[in-house]
Amino acid sequence: MYEFSIEAGPAYRLGKPASDLSETLTEHIKKLRLGFTASSSFVFFASPTLGIGAKYSYYKASHTTSRVTVYDPLIGNVTSTLESHIRISYIGPVLHTRAVDQYSGQMSGISVG
């Protein structure tokens, strides 16, 4: 028996910006936390409760901040626009467990990579 799944939707990254950044850069990084994710997995169940397989996941976020000022030792302060486009792809093994009775089922999985 096997399972194939596809998921997609909004994602929120939990990492926090460094504490020594300017307020403008901190806000820019915080806005990059909210993005879009899509993933799919294929799992083969060798027994009724345990399966192994592979998972692919993709995360995307972008943000633009205008009027960011940074210091350059050669020319002094420089004001510009900061634009970030984050793309994270992941592929790795997945281990799934499931518990099913005649009325309901529960499935959980973990993937490390």
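Everything numeric in this text was worked out from a predicted model, so none of it was measured. (Residues numbered from 1 in each chain as written. Predicted model: local features only at pLDDT ≥ 70, side-chain atom pairs only at ≥ 80, totals over all residues. Heavy atoms only, no water.)

**Details of the overall build of the chain**
- If you tally the helices and strands in the chain, you get one helix and five strands.
- For the chain, whose C-alpha radius of gyration is 21 Å, the value lies well above the compact-globule estimate of 13 Å for 113 residues.
- Here the C-alpha coordinates of the chain stretch approximately 70 × 25 × 20 Å along the principal axes.
- Split into buried and exposed, the 113 residues of the chain put 24% on the buried side.
- Within the chain, contacts between residues separated by at least 24 positions form 55% of all contacts whose residues are at least 6 apart in sequence.
- Of the accessible surface of the chain, which amounts to about 8,400 Å², a share of 60% is contributed by carbon and sulfur atoms.
- Each charge class in the chain can be summarised by its mean position, and for the 10 positive and 8 negative side chains these summaries are 2 Å apart. (Helix = DSSP H or I, 4+ residues; strand = E, 2+ residues; numbered from the N terminus. Rg over C-alpha atoms; globule rule 2.2 N^0.38 Å. Buried < 20%, exposed > 50% of the residue type's maximum accessible area, 1.4 Å probe, protein only. Contact = heavy atoms within 4.5 Å. Areas by Shrake-Rupley, 256 points an atom, 1.4 Å probe, with all protein chains shown as cover. Lys, Arg positive; Asp, Glu negative; His and termini not counted. Charge placed at Lys NZ, Arg CZ, Asp CG, Glu CD.)

**Quick look at a nonpolar patch on the surface**
- Together, Tyr-2, Phe-4, Ile-6, Phe-42 and Phe-44 line one region of the surface with nonpolar side chains, adding up to about 610 Å² of accessible area.
- Contributing elements (two or more residues each) for the nonpolar patch: strand 1 (2-12) and strand 2 (34-45).
- At three residues, the largest contribution of residues to the nonpolar patch is made by strand 1.
- Tracing the backbone shows Tyr-2 in strand 1. (Patch = residues over 30% accessible without salt bridge, like charges linked within 9 Å, V, L, I, M, F, W, Y side chains within 5 Å. Salt bridge = Lys/Arg side-chain N within 4 Å of Asp/Glu carboxyl O.)

**Examining the layout of surface pockets**
- Roughly 160 Å³ of internal volume is contained in the largest pocket.
- Lining the largest pocket, in full, are Ala-11, Tyr-12, Arg-13, Thr-37, Ser-57, Tyr-58, Tyr-59, Ile-88, Ser-89 and Tyr-90.
- Split by residue class, the lining of the largest pocket holds six nonpolar, three polar and one charged. (1 Å grid on protein atoms, 1.4 Å probe; cavity = no way out; pocket = protein on both sides within 12 Å on 5 of 7 lines; lining within 4 Å. Points joined across faces, edges and corners; volume = space filled by probe spheres on them. Nonpolar A, V, L, I, M, F, W, Y, C, P; charged D, E, K, R; others polar.)

**Considering the pairing of strand 4 (residues 76-100)**
- Bridge analysis of strand 3 (residues 50-72) against strand 4 gives 21 bridges, and the strand direction is antiparallel. By the bridge assignment for strand 4, Ile-52 is matched with Leu-95.
- Adjacent in sequence and paired antiparallel, strand 3 and strand 4 are bridged by three residues.
- By the bridge criterion, seven bridges tie strand 4 to strand 5 (residues 105-111) in an arrangement that is antiparallel. The residue bridging Arg-98 from the neighbouring strand is Met-107, located in strand 5.
- Counted along the chain from strand 4 to the antiparallel partner strand 5, the turn is four residues long. (Pairing = 2+ DSSP bridges.)

Function cannot be inferred from these measures alone, as they are strictly geometric.
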